[in-house]
Amino acid sequence: MDTILKTENIRKTYESSSVKVNALNGIDLEFAKGRFYSVIGRSGSGKSTLLYILSGLDQPTEGKVCFEGKDLSEYSDGEMAIFRRRHMGFVFQQYNLMEEYNVLENICMPVKLDQRKPDPEFLHTVLETLGLEDKQKKYASELSGGEQQRVAIARSILSKPKIIFADEPTGNLDKKTALETLELLIESAKKFGQTLIMVTHDLEVARMSEVVITIEDGRVIG
Ligand SMILES: Nc1ncnc2c1ncn2[C@@H]1O[C@H](COP(=O)(O)OP(=O)(O)OP(=O)(O)O)[C@@H](O)[C@H]1O
């Protein structure tokens, strides 16, 4: 298998003065390039913690995460921020669009922050794929929830990340819009050869993925 991301015995403990929570208890996973994975499990099973650690947004207490063979813990915080911006895309339940910028400016933001220029042809394809061509000058407040999430997806795709992490990306949308939006996310990721790792509560949504990873009490059970 052409591996993009691999974990070795990941453990995560959250500790405060009074309590200790073992959120992840030894996770060994391997993700292949260009495939679509979903992570399911009950509330509190450790899904978001896993996603944060896989994407380097948080560090494991024990174990390691390797991206194309390189241990993420070897990066400094600054290097990790640049690495994330170049190689990883994020889609969250909250769309996190910037209200003062229009759709086009929001979509181009990560590329510009990386001091790159958006590729005009690719920009056009992404806008077309996500049905946003006629919304470019609109502001978030003028868009429906589904349209805002399509903007967030376009923003995550435009920087040509190798991998996209999505945490309950359609959790705020009605069923029909959720499935349509998800189909667009899947279609885009496939079209552009990106690996997609998505956390969801929704079994119907999980069924659309190629591999379903089930987590219970911080362990992979299936
Ligand atoms: N920052 C934190 N400090 C302390 N405990 C935490 C923290 N974040 C998560 N936890 C605990 O770790 C466990 C796993 O949480 P996590 O958010 O990963 O679960 P989840 O499966 O994503 O849940 P949900 O589906 O409700 O979002 C839970 O017991 C949670 O209370």
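Residues numbered from 1 in each chain as written. Predicted model: local features only at pLDDT ≥ 70, side-chain atom pairs only at ≥ 80, totals over all residues.

Caption draft 1: Looking closely at the overall build of the protein. Within the protein one finds seven helices and ten strands. Here the C-alpha radius of gyration of the protein, 17 Å, is about what a compact globule of 222 residues would show, namely 17 Å. In terms of its C-alpha atoms, the protein occupies a principal-axis envelope of roughly 50 × 40 × 35 Å. By residue count, 37% of the 222 residues in the protein fall in the buried class. Within the protein, residue pairs in contact and separated by at least 24 positions form 76% of the contacts whose partners lie at least 6 positions apart. (Helix = DSSP H or I, 4+ residues; strand = E, 2+ residues; numbered from the N terminus. Rg over C-alpha atoms; globule rule 2.2 N^0.38 Å. Buried ≥ 20, exposed ≤ 12 C-beta atoms within 10 Å, placed from the backbone. Contact = placed C-beta atoms within 7 Å.)

Caption draft 2: Quick peek at the site of the ligand. The full set of residues close to the ligand is Tyr 14, Val 21, Ala 23, Gly 41, Ser 43, Gly 44, Ser 45, Gly 46, Lys 47, Ser 48 and Thr 49. For the shell around the ligand, the elements supplying multiple residues, two or more each, are strand E2 (20-32) and helix H1 (47-54). For the shell around the ligand, the leading source of residues is H1, giving three residues. Classifying every residue of the shell around the ligand by side-chain character gives three nonpolar, seven polar and one charged. (Near = placed C-beta within 6 Å. Nonpolar A, V, L, I, M, F, W, Y, C, P; charged D, E, K, R; others polar.)

Caption draft 3: Fine view of the nonpolar core. Core analysis: the biggest nonpolar cluster contains 49 residues, and Val 39, Leu 50, Leu 54, Val 151, Ala 154, Phe 165 and Ile 197 have the highest contact counts within it. At six residues, helix H5 (residues 145-158) tops the list of elements feeding residues into this core. When residues no more than four places from it in sequence are discounted, the contact partners of Val 151 are Tyr 95, Leu 97, Val 103, Asn 106, Ile 107, Leu 132 and Leu 143. (Core = buried A, V, L, I, M, F, W, Y, C linked by C-beta atoms within 7 Å.)

Caption draft 4: Summary view of the sheet that holds strand E8 (residues 195-199). Ordered by their spatial adjacency, six strands build an open sheet running E6-E7-E8-E3-E9-E10, and the pairing between neighbours is mixed. The strands lining the two open edges of the sheet, one partner per strand, are strand E6 (88-92) and strand E10 (219-220). Relative to strand E7 (residues 163-167), E6 is paired through five bridges, and the arrangement is parallel. Each residue of the ladder has a partner; that of Met 88, found in E7, is Ile 163. In the packing of H5 onto the sheet, the strands contacted are E6 and E7, and the crossing angle to E6 comes to about 170°. (Pairing = 2+ DSSP bridges. Axes fitted to C-alpha atoms, helices over the stretch in contact; angles between N-to-C directions.)

Caption draft 5: H1, seen in detail. Taking burial as the measure, the eight residues of H1 include six buried ones, the bulk of the element. The set of residues buried in H1 consists of Lys 47, Thr 49, Leu 50, Leu 51, Ile 53 and Leu 54.

Caption draft 6: Molecular detail of the pairing of E7. Along E7, five of the five residues are buried, which leaves the element largely enclosed by surrounding structure. Burial along E7 is two-sided: the residues Ile 163, Phe 165 and Asp 167 and Ile 164 and Ala 166 are all buried. Pairing of E7 with E8 involves five bridges; the strand directions are parallel. What sits directly across from Ile 164, in E8, is Leu 196. Handedness of the E7-helix H6 (residues 175-191)-E8 crossover: right-handed. (Right-handed = clockwise from strand over helix to strand, strands pointing away.)

Caption draft 7: Structural context of the sheet that holds strand E5 (residues 70-71). Overall, antiparallel pairing links the four strands, which are arranged E2-E1-E4-E5 in an open sheet. Strands at the two margins of the open sheet, each flanked by one partner only, are E2 and E5. Note that strand E4 (residues 62-67) and E5 share two bridges and pair antiparallel. Its bridge partner being in E5, Cys 66 is matched across the sheet by Asp 71.

Caption draft 8: Representation of the environment of Ile 4 within the structure. Structurally, Ile 4 can be placed in strand E1 (residues 3-15). Remark: the alpha-carbon pair of Ile 4 and Lys 162, spanning 158 residues in sequence, is separated by 8.4 Å. What Ile 4 contacts, discounting residues up to four positions off in sequence, is Phe 31, Ala 32, Lys 33, Phe 67, Glu 68, Lys 162, Ile 163 and Thr 195.

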